[in-house]
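Residue-level structural notes
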Amino acid sequence: MSILPLIFTSGWASGVNSYAVVLLLGVFGATGLSDDVPEALQRPDVLIAAGVLFLCEAVADKIPYVDSAWDSVHTVIRPVAGAVVAALLAGQSGSLPELAAGAVGGSTALVSHLVKAGTRMAVNTSPEPFSNIVVSIAEDLGVGALITLAIFYPVAAAVIAGVLLLAGLLLLLFLVSRIRRFLRRRAERREEKRLTQAVGQRPG
């Protein structure tokens with residue numbers, strides 16, 4: 001069960017930025033700073049792919065409405081990534097069944113992703129774009145700091161991840177009205193786009 005705190009923390013972080021998790025764990029393993037990282041995450045092709053995708057997310061995540069579209073696409077990707085990383089970590093340590101580890105990592109990543117996506121919807125109701133950039137940078141730094149902490153102090157990192165997850169859920173309840181406003185605006189934009197296309201397709 002000693003690997004469980006790292007699995008929980010990596011699950012939380014995967015729900016925020018799964019590519020950063022894979023990249024950081026792979027680097028820690030490849031440099032010999034951690035023996036808990038499986039070989040599969042240390043492969044050069046995996047590190048390169050994770051690095052490229054991380055850069056793509058770093059850009060998309062800071063653009064209003066593009067970030068929410070990116071989150072929608074990753075509703076499946078992030079929980080799956082969290083489950084796979086957790087299963088690999090469990091397989092490396094041998095202290096926890098891989099199926100159970102995958103369930104913990106995947107479910108934690110899903111909840112964390114929903115918190116992130118909901119918070120971004122609320123942020124996108126603000127007229128200025130700077131809040132998106134600030135929130136995105138904070139998320140990236142948080143993931144990097146917590147994964148680094150989890151490598152050396154896994155229990156402390158897991159406690160912080162649990163607190164952040166609970167705080168995020170409470171924040172979502174507080175931001176429900178803003179999230180509804182975002183969804184309403186997005187529906188209106190789609191309707192306007194549909195009407196514009198319909199008018200453009202009318203015979204002259």
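That block above? That's the structure.
Note that the coordinates shown come from a computational prediction; the quantities given were computed from them, not determined experimentally.

Digging into the packing of helix H1 (residues 4-30) against helix H2 (residues 44-60)
A pair of packed helices is captured by two measures, namely the crossing angle of their axes and the spacing between those axes. Interaxial distance between H1 and H2 falls to 9 Å at its minimum, and their mutual angle equals 145°. The crossing of H1 and H2 is left-handed. On the side of H1, the interface is formed by Val16, Asn17, Tyr19, Ala20, Val22, Leu23, Gly26 and Val27, while H2 contributes Val46, Leu47, Ala50, Gly51, Leu53, Phe54 and Glu57. Of the residues belonging to the contact of H1 with H2, the class tally is 11 nonpolar, 3 polar and 1 charged.

Considerations on helix H5 (residues 130-152)
A rise of 1.5 Å per residue sets the reference length of H5, with its 23 residues, at 33 Å; its end C-alpha atoms lie 34 Å apart and thus fit the reference within 8%. Along H5, the residues classified as buried are Ser131, Asn132, Ser136, Glu139, Val143, Gly144, Leu146, Ile147, Ala150 and Ile151. The secondary structure elements touched by the buried residues of H5 are H1, helix H3 (66-93), helix H4 (98-123) and helix H6 (154-174).

Overview of H6
A rise of 1.5 Å per residue sets the reference length of H6, with its 21 residues, at 30 Å; its end C-alpha atoms lie 30 Å apart and thus fit the reference within 8%. Taken residue by residue, H6 has Ala157, Ala158, Ala161, Leu165, Gly168 and Leu172 as its buried positions. All buried residues of H6 project into a common sector of 100° when viewed along the axis, lining one side. Facing away from the buried side of H6 by more than 90 degrees, the exposed set consists of Val155, Val159, Val163, Leu166, Leu170, Leu173 and Phe174.

Describing the environment of Ile133
As for its placement among the helices and strands, Ile133 is situated in helix H5. Overall, Ile133 belongs to the partly exposed group, its relative accessible area being 33%.

Details of the pattern of salt bridges
Applying the stated rule across the entire model yields 9 salt bridges. Here Arg43 and Asp45 are joined by a salt bridge, their closest N and O atoms 2.5 Å apart. According to the relative accessible area criterion, Arg43 is partly exposed, its value standing at 42%. Taking the shortest distance from any N to any O, the salt bridge between Arg78 and Glu57 comes out at 3.1 Å. With a gap of 21 residues between them, Arg78 in helix H3 and Glu57 in helix H2 connect regions that are remote in the sequence.

So, a positive patch on the surface
Among the surface-exposed residues, Arg178, Arg181, Arg184, Arg185 and Arg189 lie close enough to one another that they form a single positively charged patch. Residue position: Arg184 is located in helix H7 (residues 176-200).

A short note on the packing of H1 against H5
Two elements in contact, H1 and H5, have axes separated by 9 Å at closest approach and are oriented at 80°. On the basis of the axis angle, H1 is roughly perpendicular to H5. Contacts between H1 and H5 pair Leu6, Thr9, Ser10, Trp12, Ala13, Val16, Asn17, Ala20, Val21, Leu24, Leu25 and Phe28 from the former with Glu139, Asp140, Gly142, Val143, Gly144, Leu146, Ile147, Thr148, Ala150 and Ile151 from the latter. Considered class by class, the residues forming the contact of H1 with H5 number 14 nonpolar, 6 polar and 2 charged.

Things to note about the layout of surface pockets
The probe, sized like a water molecule, is rolled over the atoms to show the empty space still left. Put simply, the largest pocket is a space of about 370 Å³. Lining the largest pocket we find 15 residues, and of these Trp12, Val16, Val115, Glu139 and Leu164 sit closest to its centre. At the level of elements, H1, H4, H5 and H6 are the ones that each hand at least two residues to the lining of the largest pocket. For the lining of the largest pocket, the element with the most residues is H6, which contributes 5 residues. Of the residues that constitute the lining of the largest pocket, the class distribution is 9 nonpolar, 4 polar and 2 charged.

How each quantity is defined
Sequence order sets the numbering: in each chain, residues are counted from 1 along the sequence as written. Where local features are concerned, this predicted model is filtered to residues with pLDDT of at least 70; where side-chain atom pairs are given and counted, the filter is 80 or more; whole-chain, interface and lining totals use all residues. As a convention, hydrogens and water are excluded, and side-chain values are obtained from all of the structure's heavy atoms. Under this scheme, a helix contributes an axis fitted over its contacting stretch, all axes are lines through C-alpha atoms, and angles between N-to-C directions fall in the 0 to 180 degree range. What counts as a helix is a DSSP run of H or I of at least four residues, what counts as a strand is a run of E of at least two, and both are numbered from the N terminus. Crossings are sorted by hand: turned counterclockwise from the far helix by less than a right angle, the near helix makes the crossing left-handed, and turned clockwise it makes it right-handed. Contacts were defined at the residue level, with two residues in contact if any of their heavy atoms lie within 4.5 Å. For this classification, the nonpolar set comprises Ala, Val, Leu, Ile, Met, Phe, Trp, Tyr, Cys and Pro, the charged set comprises Asp, Glu, Lys and Arg, and every other residue, Gly included, is treated as polar. One less than the residue count of a helix, multiplied by 1.5 Å, gives the span that helix is expected to have. Residue burial is assigned from relative accessible area. The probe radius is 1.4 Å, only protein chains are included, and a residue is buried under 20% of its type maximum, exposed over 50%, and partly exposed in between. Read the arc as the range of directions from the helix axis to the C-beta atoms. Each reported salt bridge corresponds to a side-chain nitrogen of Lys or Arg within 4 Å of a carboxyl oxygen of Asp or Glu. In this scheme, patches are assembled from residues that exceed 30% relative accessible area and form no salt bridge. Like charges are connected within 9 Å, while nonpolar side chains (Val, Leu, Ile, Met, Phe, Trp, Tyr) are connected within 5 Å. Note on areas: these come from Shrake-Rupley sampling with a 1.4 Å probe, and a residue is covered only by the protein chains present in the view. When charges are counted, Lys and Arg contribute as positive and Asp and Glu as negative, whereas His and the chain ends are disregarded. To locate a charge, take NZ of a lysine, CZ of an arginine, CG of an aspartate or CD of a glutamate. In these notes the angle categories are as follows: under 35 degrees is roughly parallel, over 145 is roughly antiparallel, 65 to 115 is roughly perpendicular, and the rest is oblique. In this analysis the probe radius is 1.4 Å and the grid spacing 1 Å, with only protein atoms considered; a cavity is a set of points the probe fits into but cannot get out of, a pocket is an open set with protein on both sides within 12 Å along at least five of seven lines, and lining residues have an atom within 4 Å of a point. Grid points are joined across faces, edges and corners, and a volume is the space filled by probe spheres set on the points.

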